[in-house]
Amino acid sequence: QLEDSGGGLVQAGASLRLSCAASERTFSSYSIGWFRQAPGKEREFVGFIGWRAINTNFADSVKDRFTISRDNDKNTAYLQMNRLKPEDTAIYYCAATYYQPSRNPGEYDYWGQGTQVTVSS
């Protein structure tokens, strides 16, 4: 079970940190991906972090503004979003896979319920 939190309404240029909390003690064995879905659009890849936090990867649209980290002792992953833009407005989801992290949402087995991020201009 994954629980997303930390979304909200902010102005352009602001920062937000999303959290993805897992109830499983095996959280440290899972790679975590972040995805987002804007109204009328398909779910798109934002970034991922491997289970050892050594490898991360980001979509071109966010790679200079977003970072991902994880605290395996707290069973939590984080998406730090800086210099937010109106086009970042979407529902953000975290997802977990026991296998190699991927940009493909179909590769993930577990999903959070999503948290709304709204960026005003």
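Note: the structure precedes this text.
Reading the values: rules and limits
Residues numbered from 1 in each chain as written. Predicted model: local features only at pLDDT ≥ 70, side-chain atom pairs only at ≥ 80, totals over all residues. Heavy atoms only, no water. Core = buried A, V, L, I, M, F, W, Y, C linked by side-chain atoms within 4.5 Å. Buried < 20%, exposed > 50% of the residue type's maximum accessible area, 1.4 Å probe, protein only. Helix = DSSP H or I, 4+ residues; strand = E, 2+ residues; numbered from the N terminus. Contact = heavy atoms within 4.5 Å. Pairing = 2+ DSSP bridges. Axes fitted to C-alpha atoms, helices over the stretch in contact; angles between N-to-C directions. Salt bridge = Lys/Arg side-chain N within 4 Å of Asp/Glu carboxyl O. Disulfide = S-S within 2.5 Å.

Novice: Is there a simple way to explain the nonpolar core in this structure?
Specialist: The nonpolar side chains of soluble globular proteins are, as a tendency, buried together. By size, the foremost hydrophobic cluster in this structure holds 32 residues, and its most contacted members are I32, W34, F66, L79, M81 and Y92. Elements with a contribution of two residues or more to this core: β3 (16-22), β4 (31-37), β5 (44-49), β7 (66-71), β8 (76-81), β9 (90-97) and β11 (115-120). Top contributing element to this core by residue count: β9, with five residues. Excluding residues within four positions of it along the chain, M81 makes contact with A14, S15, L16, L18, R65, F66, Y92 and V117.

Novice: Just checking my understanding: could you explain the sheet that holds β3 for this structure?
Specialist: Two pairing modes exist for strands in a sheet, parallel and antiparallel, and in both the strands are linked by backbone hydrogen bonds. Taken in spatial order, the four strands line up as β1-β3-β8-β7 in an open sheet, and their pairing is antiparallel. Both outer strands of the open sheet, β1 (2-5) and β7, are each paired with one neighbouring strand and no more. Averaged over all pairs of adjacent strands, the angle between strand axes in this sheet comes to 15°, irrespective of strand direction. In terms of strand pairing, β1 meets β3 through four bridges, oriented antiparallel. Bridging across to β3, D4 finds its partner in C20.

Novice: Where do I start with the pattern of salt bridges in this structure?
Specialist: If charged atoms from side chains of opposite charge come close, those side chains can pair. Under the criterion given, the structure shown has four salt bridges. The shortest N-O distance in the salt bridge between R36 and E44 comes to 2.5 Å. Here K63 ties to D60 by a salt bridge, and the two come within 3.6 Å at their closest N and O atoms. According to the relative accessible area criterion, K63 is partly exposed, its value standing at 45%. Residue D60 is classed as exposed on the basis of its relative accessible area, which comes to 61%. Through salt bridges with shared partners, a single network forms among R36, E44, R65 and D88.

Novice: Could you clarify how one ought to interpret the pairing of β3 in this entry?
Specialist: Two faces belong to every sheet, and in a regular strand the side chains alternate between them. Counted residue by residue, β3 has five buried out of seven residues, so it is predominantly covered. With six bridges connecting them, β3 and β8 associate as antiparallel partners. For S19, the partnering residue across the bridge sits in β8 and is Y78.

Novice: What's the story with the state of the cysteines in this structure? I'm lost.
Specialist: Cysteine pairs can be linked by a disulfide, which is a covalent bond between their two sulfur atoms. In total, this model carries one disulfide according to the counting rule given. The disulfide that involves C20 links it to C94, with 2.1 Å between the sulfurs. Judged by the sign of its S-S torsion, about 70°, the cystine formed by C20 and C94 is right-handed. One end of the pair, C20, is in strand β3; the other, C94, is in strand β9, and 74 residues separate them in sequence.

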